[in-house]
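# Fold and geometry: a report
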Amino acid sequence: MFEGINYHPNVLDRPAQAALVEALRIAVQAAPLFTPVMPRTGRPFSVRMTNLGSLGWVSDKAGYRYQPHHPETGQPWPAMPDVVLDIWQRFANYPRLPEACLVNFYQQGAKMGLHQDRDEEDFAAPVLSVSLGDTAVFRFGGTTRGGKTQTLKLSSGDVLVMGGASRLCFHGIDRVLSGTSTLLKEGGRINLTLRRVTMP
Ligand code: MD6
Ligand code: FE
């Protein structure tokens, strides 16, 4: 494992996973999933997203940024459920609460290219992810593009923390293994990434 990447399997048991999915279903009614597009090219992402918390991450032709409102409804993002704030407090090892919870929804064939999470002001705070539904093949490497990488399977209920030396590691999702979880009735995967955005 790369220094600073901390993997915690099975943090949420099945009832806790189901309760979180239910909370997300309600949140998505207020803040519908949208399809982000790449800056400049306008090429659509294969994942759909929404956000929870005071700030949400969006990507459109103008660029990547955090903003307090949903890009289509103009409404503030729904609050983060207590269970995700509890997970942050247990595993982030950081004194302030997260401001943003990005919700990524992967349907059949969706993936995410190698990237760094670097749109936050505060790299002292880790990024913490919670996986739900089908197992994903997570790829990660060093802080420069093109270096050696390795993979890790992220299953439903698992938590991953990228902090310290790994905060700016390149990482992505090679693929989602369909049929590996029964949590989501239609299959697929949800990943939540919790971040602190602003400086103290
Ligand atoms: C995903 N995760 O698991 C994508 N970023 O669907 C991320 O991009 C990510 O898992 C920063 C820290 C942890 C992550
Ligand atoms: Fe990321």
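Each remark here, short or long, concerns the structure printed above.
Residues numbered from 1 in each chain as written. Chains lettered and ligands numbered in written order. Predicted model: local features only at pLDDT ≥ 70, side-chain atom pairs only at ≥ 80, totals over all residues. Heavy atoms only, no water.

Pairing within the open sheet is antiparallel, and its four strands lie in the order β6-β11-β8-β9. Looking at strand neighbours, the two that pair on one side only are β6 (112-115) and β9 (149-154), the edges of this open sheet. If you compare each strand with its neighbour and ignore which way they point, the axes differ by 25 degrees on average. Where strand β8 (residues 136-141) lies against β9, six bridges are found, and the strand directions are antiparallel. Counted as the bridge partner of A136 is L154 from β9. (Pairing = 2+ DSSP bridges. Helix = DSSP H or I, 4+ residues; strand = E, 2+ residues; numbered from the N terminus. Axes fitted to C-alpha atoms, helices over the stretch in contact; angles between N-to-C directions.)

Here the focus is the site of ligand 1. For ligand 1, the full set of nearby residues is Y106, H115, D117, V127, S129, F138, M162, H171, I173, R189, N191 and T193. A distance of 3.1 Å is found between a nitrogen atom of ligand 1 and a side-chain nitrogen or oxygen belonging to D117. Out of a free accessible area of 340 Å², ligand 1 has 99% covered by protein chains. Among the secondary structure elements, those contributing two or more residues to the shell around ligand 1 are β7 (127-133), β11 (171-176) and β12 (189-195). The element contributing the most residues to the shell around ligand 1 is β12, with three residues. Grouping the constituent residues of the shell around ligand 1 by class yields five nonpolar, five polar and two charged. (Near = heavy atom within 4 Å. Polar contact = N/O pair within 3.5 Å; in protein donor to acceptor, adjacent residues only side chain to side chain. Areas by Shrake-Rupley, 256 points an atom, 1.4 Å probe, with all protein chains shown as cover. Nonpolar A, V, L, I, M, F, W, Y, C, P; charged D, E, K, R; others polar.)

This structure, assessed with the given rule, holds six salt bridges. The residue R195 makes a salt bridge to D117 at a minimum N-O spacing of 3.1 Å. Of the two residues, R195 is situated in strand β12 and D117 in the loop between β6 and β7; the sequence distance between them amounts to 78 residues. The pair formed by R195 and D117 is uniform in burial state, with each residue classed as buried. The salt bridge partner of E120 is R195, with a shortest N-O separation of 3.0 Å. Residue E120 is located in the loop between β6 and β7, and its partner R195 is located in strand β12; the two are separated by 75 residues in the primary sequence. (Salt bridge = Lys/Arg side-chain N within 4 Å of Asp/Glu carboxyl O. Buried < 20%, exposed > 50% of the residue type's maximum accessible area, 1.4 Å probe, protein only.)

Here R167 is to be found in the loop between β10 (159-162) and β11. A relative accessible area of 2% places R167 in the buried class. Among the polar contacts made by the side chain of R167, one reaches the main-chain carbonyl oxygen of D117 at a distance of 2.8 Å. Apart from the residues within four sequence positions on either side, R167 is in contact with D117, E120, D122, F123, A125, P126, V127 and M162. (Contact = heavy atoms within 4.5 Å.)

Our focus in this paragraph is the nonpolar core. Ranked by size, the top nonpolar core spans 29 residues in total, and within it L128 and L192 carry the most contacts. Counting residues per element, the ones that place at least two in this core are α1 (14-30), α2 (82-91), β5 (100-106), β7, β10 and β12. In terms of residue count, the dominant contributor to this core is α2 (five residues). Ignoring any residue separated from it by four or fewer positions in sequence, one finds L192 in contact with L20, L24, V84, C101, L102, V103, L128, S129 and V130. (Core = buried A, V, L, I, M, F, W, Y, C linked by side-chain atoms within 4.5 Å.)

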